[in-house]
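Fold and contact review
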Amino acid sequence: MATKTTWTGAVAAVVCLAGLTACVGTTSSTDPVFSDPAPTSTTSSPESGGTLVDPLTRLEDPDSDDFIATTVSPSLHEHGTGGATFKIARPDPSLTQLRFYVACSAGDFTVTLGTFYSGDCTPDFTSSGSIPLPSGEDPLSVRLDVSAGTDYWITAIPVP
């Protein structure tokens with residue numbers, strides 16, 4: 001009986017280790033950290049970590065506590081994995097800040113646009129933060145820092 005238990009334990013350990021090695025990610029020169037990612041559809045769901053909630057769905061849902069309007073025009077609305085830098089058009093001069101909403105699968109995040117907003121990753125964003133727009137006329141550069149392999153949604157809404 002003890003031999004059977006040991007054998008079962010050994011098989012379970014091999015299965016567990018095999019399962020863990022399948023989760024190891026790799027980095028390449030096409031990693032979003034090194035390039036601007038292509039835009040994603042606002043209606044697509046995350047390809048990995050399918051439990052992430054796209055913040056825009058809550059912002060446009062009248063039954064949500066985070067409801068803004070039935071149609072929101074974000075300056076930034078992207079899904080991806082790992083850190084990334086986004087170039088976005090500067091909003092109308094009457095809008096002086098960008099309010100960021102981030103949902104991410106693990107760890108913590110930092111959004112930088114001159115200054116920064118940061119917090120803990122949650123699959124369904126639990127907070128938002130506004131960053132004043134830096135002076136100038138050039139397009140804006142927004143940096144999202146998350147751990148490599150971390151799945152995210154980031155949405156930025158211009159506000160007065």
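Use the structure listed above.
Conventions used here
- Residues numbered from 1 in each chain as written.
- Predicted model: local features only at pLDDT ≥ 70, side-chain atom pairs only at ≥ 80, totals over all residues.
- Heavy atoms only, no water.
- Helix = DSSP H or I, 4+ residues; strand = E, 2+ residues; numbered from the N terminus.
- Buried < 20%, exposed > 50% of the residue type's maximum accessible area, 1.4 Å probe, protein only.
- Contact = heavy atoms within 4.5 Å.
- Areas by Shrake-Rupley, 256 points an atom, 1.4 Å probe, with all protein chains shown as cover.
- Salt bridge = Lys/Arg side-chain N within 4 Å of Asp/Glu carboxyl O.
- Core = buried A, V, L, I, M, F, W, Y, C linked by side-chain atoms within 4.5 Å.
- Pairing = 2+ DSSP bridges.
- Axes fitted to C-alpha atoms, helices over the stretch in contact; angles between N-to-C directions.
- Phe/Tyr/Trp six-rings, centres within 6.5 Å; stacked < 30°, edge-to-face > 60°.

Turning to the overall build of the protein, a few remarks are in order. Across its full length, the protein holds two helices and eight strands. Each helix (α) and strand (β) of the protein, taken in turn from the N terminus, gives the series α-α-β-β-β-β-β-β-β-β. Evaluated residue by residue, the protein yields a buried proportion of 32% over its 160 residues. Once local pairs closer than 6 in sequence are excluded, the contacts in the protein between residues at least 24 apart make up 72%. For the protein, the computed accessible surface area is about 9300 Å², with 58% contributed by carbon and sulfur atoms.

The next point concerns the pattern of salt bridges. Counted by the stated rule, this structure contains three salt bridges. Aspartate 66 is the partner of arginine 58 in a salt bridge, and the nearest nitrogen-oxygen pair spans 1.9 Å. Aspartate 66 sits in the partly exposed class, given a relative accessible area of 24%. Through salt bridges with shared partners, a single network forms among Arg58, Asp66 and Asp124.

As a further point, take the nonpolar core. Residues Phe100, Phe109, Val111, Leu144 and Ile154 are the most contacted members of the largest nonpolar core, which totals 22 residues. Every element with two or more residues in this core is listed here: strand E2 (84–88), strand E3 (97–104), strand E4 (108–113), strand E7 (140–145) and strand E8 (151–159). The biggest single contributor to this core is E3, with four residues. In this view, isoleucine 154 contacts Leu76, His77, Glu78, Phe86, Phe100, Tyr101, Val102, Val111 and Leu144; residues no more than four positions away in its chain are not counted. One finds Leu56, Tyr101, Phe125 and Ile157 within the second-largest nonpolar core, a separate group that totals six residues.

Side chains Leu140, Val142 and Leu144 project from E7 onto a buried face, and the interleaved Ser141, Arg143 and Asp145 project onto a face without burial. Bridge analysis of E2 against E7 gives five bridges, and the strand direction is antiparallel. Across the sheet, alanine 84 pairs through a bridge with leucine 144, a residue of E7. Across three bridges, E4 lies against E7 in antiparallel orientation. Note that in E7 the partner of valine 111 across the bridge is leucine 144.

Glancing now at the sheet that holds E8. In spatial order, the strands read E1-E8-E3-E6; together these four strands make up an open sheet with antiparallel pairing. Edge strands, defined here as strands with exactly one partner in the open sheet, are strand E1 (76–81) and strand E6 (128–132). This sheet shows a mean twist of 20 degrees between the axes of neighbouring strands, independent of strand direction. Of the pairings in the sheet, the one linking E3 to E8 comprises eight bridges and is antiparallel in character. Looking across to E8, one finds that valine 102 is bridged to isoleucine 154.

Bringing the packing of aromatic side chains into the picture now. Applying the stated criterion across every chain yields a total of three aromatic pairs. Consider the rings of phenylalanine 86 and tyrosine 152, whose centres lie 6.5 Å apart with planes at 75 degrees: the pair is edge-to-face. One end of the pair, phenylalanine 86, is in strand E2; the other, tyrosine 152, is in strand E8, and 66 residues separate them in sequence. Its relative accessible area of 0% is what places tyrosine 152 among the buried residues. Look at tyrosine 101 and phenylalanine 125: their rings are 5.2 Å apart centre to centre, the planes differ by 70 degrees, and that puts the pair in the edge-to-face class. Remark: phenylalanine 125 occurs in the loop between strand E5 (115–120) and E6 and tyrosine 101 occurs in strand E3; sequence separation between them is 24 residues. On the accessibility criterion, tyrosine 101 (7% relative accessible area) is buried.

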